[in-house]
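# Survey of secondary and tertiary structure
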Amino acid sequence: MVFFNIKVYYRGWIGHVDGIMRYVGGNEVIVEDNDSDFWCVYEAEEQLSRFGVDKDDIAAMWYKDPQVAQYEIGLMCFDSDRAALDMVRIAQQSGYVELFVVHEGDQEGFPEIGYID
């Protein structure tokens, strides 16, 4: 059993500010002493409910090593047990892992992608 810390970003969105991808707006909180034996997507949803985030409002969850500054190469989708194990490994090496919550409807700020024929 290993306990680890997570820095959670929620109620914001992932976007570009001055040409740099980052999590914009929202709240951040550090959740300490998460038990690696129980860590999974469902446990994350349970933790988020403590902050008023309904699991039906979550479009996706992404995580990254806080030592990797660039979101473009650092963000990984939190959608499996393998990702949960990777999060624990990162937290052990870096002191914590970052978790970014993307909410339903946050994609509205992104323009439609067009194609040139």
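Located above this text is the structure these notes cover.
Residues numbered from 1 in each chain as written. Predicted model: local features only at pLDDT ≥ 70, side-chain atom pairs only at ≥ 80, totals over all residues. Heavy atoms only, no water.

Ring pairs (aromatic) are described by centroid distance and by the angle formed between their planes. Applying the stated criterion across every chain, the model contains eight aromatic pairs. Relative to Phe100, the ring of Tyr9 lies with its centre 4.7 Å away and its plane at 10°, an arrangement referred to as stacked. Of this pair, Tyr9 sits in strand β1 (residues 3-10) while Phe100 sits in strand β7 (residues 97-103); the two residues are 91 residues apart in sequence, bridging distant segments of the chain. Plain terms: the ring middles of Tyr71 and Phe100 are 5.3 Å apart, the flat faces sit at 55° to each other, and that makes the pair tilted. Here Tyr71, found in helix α2 (residues 71-74), pairs with Phe100, found in strand β7; they are 29 residues apart in sequence, far enough to count as distant. As far as burial versus exposure is concerned, Tyr71 and Phe100 are alike and both buried. Through a chain of ring-to-ring contacts, the aromatic side chains of Phe4, Trp39, Tyr63 and Phe78 assemble into a single cluster. (Phe/Tyr/Trp six-rings, centres within 6.5 Å; stacked < 30°, edge-to-face > 60°. Helix = DSSP H or I, 4+ residues; strand = E, 2+ residues; numbered from the N terminus. Buried < 20%, exposed > 50% of the residue type's maximum accessible area, 1.4 Å probe, protein only.)

For Asp35, the position within the fold is in strand β4 (residues 27-35). Buried charge without a salt bridge: Asp35, with Arg50 as the nearest opposite-charge side chain at an N-O distance of 13 Å. (Lys, Arg positive; Asp, Glu negative; His and termini not counted. Salt bridge = Lys/Arg side-chain N within 4 Å of Asp/Glu carboxyl O.)

Among the nonpolar cores identified, the biggest contains 23 residues, and Val8, Trp39, Met61, Phe78 and Val97 are the most heavily contacted of them. Of all the secondary-structure elements, those providing two or more residues to this core are β1, α1 (41-49), β5 (58-64), α3 (81-94) and β7. Examining the composition of this core, we find that six residues originate from one element, α3, more than from any other. Apart from the residues within four sequence positions on either side, Trp39 is in contact with Phe4, Ile6, Asn34, Ala44, Gln47, Phe78, Ala84, Met87 and Val88. Judged by nonpolar contacts, the second largest core, of seven residues, contains Ile14, Tyr23, Tyr71 and Leu75. (Core = buried A, V, L, I, M, F, W, Y, C linked by side-chain atoms within 4.5 Å. Contact = heavy atoms within 4.5 Å.)

Unusually for a residue other than glycine, Asp18 sits at a positive phi of about 55°. Assignment of secondary structure puts Asp18 in the loop between β2 (13-17) and β3 (20-24). Under the relative-accessibility criterion, Asp18 is labelled exposed at 77%.

With respect to topology, five strands assemble into an open sheet ordered β4-β1-β7-β5-β6, the strand pairing being mixed. The open sheet has two edge strands with one neighbour each: β4 and β6 (76-77). Pairing analysis gives six bridges linking β5 to β7, with the strands arranged antiparallel. Bridge pairing in β7 places Met61 opposite Val101. Strand contacts of α1: β1, β4, β5 and β7, with the helix running at about 105° to β5, the strand carrying the most contacts. Contacting β1, β5, β6 and β7, α3 crosses the sheet at an angle of about 40° to β5. (Pairing = 2+ DSSP bridges. Axes fitted to C-alpha atoms, helices over the stretch in contact; angles between N-to-C directions.)

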